[in-house]
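# Descriptive analysis of the structure
Residue strings, one per chain:
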Amino acid sequence: ALSGGQRQRVALGRALVRQPQAFLLDEPLSNLDAKLRMSMRVEIARLHRQLGATIVYVTHDQIEAMTLGQRIVVLDKGEIQQIDTPMALYEKPANLFVATFLGSPAMNVLQGRLSAEDGLAVQLEDGSRVPLDGAKPPQAWIGRDIAVGVRPEHLRPAQHGEAGAFEAEVEVVEPVGSEVFVNLRLGRQPLIARFEPNVLPERGKPMSI
């Protein structure tokens with residue numbers, strides 16, 4: 001008579017009362033609704049601290065991984081991509097897979113050619129240029145195809161005439177209360193930015209970023 005979520009929590013309780021040296025948890029919160037999942041996440045973190053036991057926790061939810069994990073192993077197709085602490089993975093990803101996997105919204109990746117004409121910039125396929133003021137790549141990289149990763153929180157509205165600014169078209173504005181997600185298009189390149197709640201750009205209009 002129990003629901004899937006209730007059975008999942010009962011199974012977790014059964015594992016806990018045995019007091020094993022290590023717990024193997026395979027997506028233990030997958031059948032719970034969002035509110036219950038959040039409270040159970042806090043409960044598991046509290047139990048981990050109290051019991052002092054090793055917990056190997058498999059999850060596809062990056063928020064669970066970031067908030068519960070002391071060390072995270074990122075796997076892709078069965079191969080380990082990186083092992084590190086949550087914030088080290090976020091700030092210094094080893095490759096594009098890890099960079100785009102962690103973070104919500106995901107990291108923006110600009111694919112293009114590194115150009116030094118009229119200042120350092122990444123030249124996108126459609127001819128759009130994104131200035132890279134302050135970047136100091138090796139000289140040998142000039143003219144090469146590169147991928148530039150930019151977190152949504154690192155994009156911000158530019159002041160008029162500000163150095164390093166570029167224009168992108170506003171497609172969708174998503175106010176979520178404490179912040180605003182702005183979906184932009186730079187040529188054929190989609191971008192997403194995370195702004196303060198007082199920034200509400202107009203849809204369909206260009207915006208300086």
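Higher on the page you've got the structure.
What comes next concerns the included structure.

Conventions used here
- The residue count restarts for each chain, going from 1 along the sequence in the order it is written.
- Residues qualify for local features only when their pLDDT is at least 70, as the model is predicted, and side-chain atom pairs are given and counted only at 80 or more; totals for whole chains, interfaces and linings, by contrast, use all residues.
- The basis for the side-chain values is all heavy atoms of the structure; hydrogens and waters are excluded.
- The pairing criterion is simple: DSSP has to find at least two bridges between the two strands.
- We count a stretch as a helix when DSSP gives it H or I for four or more residues in a row; a strand needs E for two or more, and each element gets its number in order from the N terminus.
- Only the stretch in contact is used when fitting a helix axis, every axis being a line fitted to C-alpha atoms; angles between N-to-C directions are given from 0 to 180 degrees.
- By this rule, a helix spans an expected 1.5 Å times one less than how many residues it contains.
- Think of it in three bands: with a 1.4 Å probe and only protein chains considered, a residue is buried below 20% of the maximum accessible area for its type, exposed above 50%, and partly exposed in between.
- The directions from the helix axis to the C-beta atoms form the arc being described.
- Residue contacts are counted whenever heavy atoms from the two residues lie within 4.5 Å of one another.
- Salt bridge criterion: a side-chain nitrogen from Lys or Arg within 4 Å of a carboxyl oxygen from Asp or Glu.

### Overview of the sheet that holds strand 11 (residues 189-195)
Two pairing modes exist for strands in a sheet, parallel and antiparallel, and in both the strands are linked by backbone hydrogen bonds. Pairing is antiparallel in the open sheet, where four strands are placed in the order 11-10-9-12. The two strands at the open ends of the sheet, each matched to only one other strand, are strand 11 and strand 12 (206-208). Between one strand axis and the next, the sheet turns through 45 degrees on average, direction left out of account. As judged from the six bridges shared by strand 9 (residues 167-175) and strand 10 (residues 180-186), these two strands associate in the antiparallel manner. Paired with Val172 across the strands is Asn183, a residue of strand 10.

### Some details on the sheet that holds strand 8 (residues 145-150)
Taken in spatial order, the four strands line up as 7-6-5-8 in an open sheet, and their pairing is antiparallel. The open sheet has two free edges, formed respectively by strand 7 (129-131) and strand 8, since each of these has just one partner strand. The average angle at which neighbouring strand axes cross in this sheet is 45 degrees, direction not considered. Note: strand 6 (residues 121-124) against strand 7, three bridges, orientation antiparallel. If you follow Val122 over to strand 7, its bridge partner there is Val130.

### Overview of helix 1 (residues 4-17)
For helix 1, with 14 residues, the first-to-last C-alpha span of 20 Å sits near the 20 Å given by 1.5 Å per residue. Taken together, the buried positions of helix 1 are occupied by Gly5, Gln8 and Leu12. Looking down the long axis of helix 1, one finds its buried residues gathered within 60 degrees of arc, a one-sided arrangement. Residues of helix 1 that are exposed and angled more than 90 degrees away from the buried face: Arg7, Arg14 and Val17. On the buried face of helix 1, the contacting elements are strand 1 (22-26) and helix 2 (34-51). Following helix 1 by one or two positions, Gln19 has its phi on the positive side, about 50 degrees.

### Re the pattern of salt bridges
In the structure shown here, the tally under the stated rule is seven salt bridges. Between Glu162 and Arg156 there is a salt bridge, and its shortest N-O distance comes to 2.6 Å. The class of Glu162 is partly exposed, set by a relative accessible area of 26%. A salt bridge links Glu171 to Arg185; the shortest N-O distance between them is 3.0 Å. With Glu171 in strand 9 and Arg185 in strand 10, this residue pair connects regions lying 14 residues apart in the sequence. Put simply, Glu153, Glu179 and Arg194 are held in one network by salt bridges that share partners.

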